[in-house]
Number of protein chains: 2
Amino acid sequence: MLHRSRGRRMAGLTLVEGPKVFSRMVVMGVVPETVLMIEDDDATSALCRTRGWDPVVVSREVLAAASDTVHPRSPVVTIPIPGSSAMRERDTLLLMDISDPGNVGTIIRSAAAFCWDVSTSGTTADPWSPKVIRAAAGSHFGAHLVTSSDPMDEARSLGLDIVATVVAGGDQPTRTRRPIALMIGSEAHGLSQENLGEADQRVSLSMDEGVESLNAGVAASIFMYILASKNKAP
Amino acid sequence: MLHRSRGRRMAGLTLVEGPKVFSRMVVMGVVPETVLMIEDDDATSALCRTRGWDPVVVSREVLAAASDTVHPRSPVVTIPIPGSSAMRERDTLLLMDISDPGNVGTIIRSAAAFCWDVSTSGTTADPWSPKVIRAAAGSHFGAHLVTSSDPMDEARSLGLDIVATVVAGGDQPTRTRRPIALMIGSEAHGLSQENLGEADQRVSLSMDEGVESLNAGVAASIFMYILASKNKAP
């Protein structure tokens, strides 16, 4: 039931899988609802002992049934989905319609690395889906994730510079002293005319002519890296 | 049979799928061996007519059987795998052990955008596998792809600057006037001690402390972008 967005919303829980994400979660102070592990998973067993948690030992079949993948790595853990955070006066990536869970996960991973907040809206994949969590490799637990119904309005009211990313024809990315709200549009169609119209600036990455575009997760990550305050002069 | 590396090598062919990659392939002058399409695929039919090719009209079931995905988009096309190219005196990314086909595809896509050559060696996924071609979204046909048995030796003999990427503790990426051979190690373990020992320089991306690492495709793409000659001052 946690494999579907509706089930996760109703339960307020999501699934986390595998030793890497689990140990990251533990380090970041997340408390699980349930920990399922296979018998010989000594690492999980040891981590649970240090925290006073009672893992449930199950067969590989039960582990697979609880997970959303065919061959999950132990443990499979349910955790509460944190309450939604509000946008703040910080560099924030606005994911307008990023539908691929792998891209959303990759972007959250890069955002955590380069100190950007992430806002999701429109048809963007649920940031708390197991697929997104897997692709983010445990970066959720240190990230500031915002779910906005009107991200442009929130960004504007906070005084953020609203910057639209476009495949071609935009300025070289530079920054003012104000925090940036950087809009990334859908993989297939980019940003809507309406969103483009609201931007203070449009930026593009210089690319070889004849190349259509970059992967959306890659493009967002490069923009975040070069716009991050501390990387102004790479 | 083209779904497996051995089958592709024996046949000298690989599979290309879907309208986007097909039209890209046509634009780049690639001549297919076979074009399979479903009946109402007017775009493919029109493209084939302009080139004088005879597409074979098949059912959705046959299309799926020929493809390596469950629900392929028409057309499914076999194309000859180009002969291997040699390394040249140009910025070149050395993929040492990038095992994930999605990462290799993403990297080829970014390399095409930022004018880097790509060398694959070790346990790196076959760049001509259908999965890699899909992730690269048609960028193969303009890319310079090199298969090296000893990429370090080739790079050294061409006088390239050999630069190793490491998660932390390396220099800020900068460049000399010489072309760069930029090494990217495996997703799980990074570069081997042996490879690190052969590098002229080690570079890292500045990241928030406590963040483990970036997705390998993202990291490679950011390095290529900031080291590309024309992006020296972003």
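Residues numbered from 1 in each chain as written. Chains lettered and ligands numbered in written order. Predicted model: local features only at pLDDT ≥ 70, side-chain atom pairs only at ≥ 80, totals over all residues. Heavy atoms only, no water.

Further remarks concern the relation of the copies chain B and chain A. The transform that puts chain B on chain A rotates by 180 degrees and translates by 0.0 Å along the axis, for an RMSD of 0.0 Å. On this basis, the relationship between the two copies can be described by a two-fold rotation axis. Comparing interface residues between copies, 100% of those in chain B also lie at the interface in chain A; the contact surface is shared. (Least-squares fit on C-alpha atoms with pLDDT ≥ 70 in both. Contact = heavy atoms within 4.5 Å.)

On to the packing of helix 2 (residues 19–27) of chain A against helix 3 (residues 42–51) of chain A, then. All names here are of chain A. Across the interface, helix 2 lies against helix 3 with an axial gap of 11 Å and an inter-helix angle of 15 degrees. Here helix 2 lies roughly parallel to helix 3, going by the angle between them. In terms of crossing hand, the pair formed by helix 2 and helix 3 is left-handed. Note on element contacts: helix 3 touches helix 2 through Thr44, Leu47, Cys48 and Arg51, opposite Phe22, Ser23 and Val26. Residue composition of the contact of helix 2 with helix 3, grouped by class: four nonpolar, two polar and one charged. (Axes fitted to C-alpha atoms, helices over the stretch in contact; angles between N-to-C directions. Helix = DSSP H or I, 4+ residues; strand = E, 2+ residues; numbered from the N terminus. Parallel < 35°, antiparallel > 145°, perpendicular 65-115°, else oblique. Left-handed = near helix turned anticlockwise from the far one by under 90°. Nonpolar A, V, L, I, M, F, W, Y, C, P; charged D, E, K, R; others polar.)

Quick look at helix 2 (residues 19–27) of chain B now. Those residues of helix 2 of chain B that sit buried are B:Val21, B:Phe22, B:Arg24, B:Met25 and B:Val26. Taken from the residues just after helix 2 of chain B, B:Gly29 is the one with a positive phi, measuring 80 degrees. (Buried < 20%, exposed > 50% of the residue type's maximum accessible area, 1.4 Å probe, protein only.)

A few words on unusual backbone geometry. Backbone torsion omega between A:Ser74 and A:Pro75 reads 0 degrees, so that peptide bond is classified as cis. Checked against the element boundaries, A:Pro75 lands in the loop between helix 4 (60–66) and strand 4 (76–80). Although it is not a glycine, B:Cys115 sits at a positive phi angle of roughly 65 degrees. Structurally, B:Cys115 can be placed in the loop between helix 5 (101–113) and strand 6 (117–120). Look at B:Cys115 and you get partly exposed, because its relative accessible area is 28%.

All names here are of chain A. The domains assigned to chain A are domain 1 (5–80) and domain 2 (92–231). Tallying the contact residues gives 14 residues for domain 1 and eleven residues for domain 2. Its largest share of buried area at the contact with domain 2, domain 1 owes to Arg8, Val21 and Asp68, together 38% of the area lost on that side. For Asp68, the salt bridge identified is with Arg134, shortest N-O distance 2.9 Å. The interface formed by domain 1 and domain 2 contains four residue pairs in polar contact (both at pLDDT 80 or more). For the side of domain 1 that touches domain 2, the secondary-structure elements that each account for two or more residues are helix 1 (5–11), strand 1 (13–17) and helix 2. It is strand 1 that contributes the most residues to the side of domain 1 that touches domain 2, four residues altogether. Considered class by class, the residues forming the side of domain 1 that touches domain 2 number seven nonpolar, three polar and four charged. (Domains from an automatic or database assignment. Buried area = accessible area lost by both parts, 1.4 Å probe. Salt bridge = Lys/Arg side-chain N within 4 Å of Asp/Glu carboxyl O. Polar contact = N/O pair within 3.5 Å; in protein donor to acceptor, adjacent residues only side chain to side chain.)

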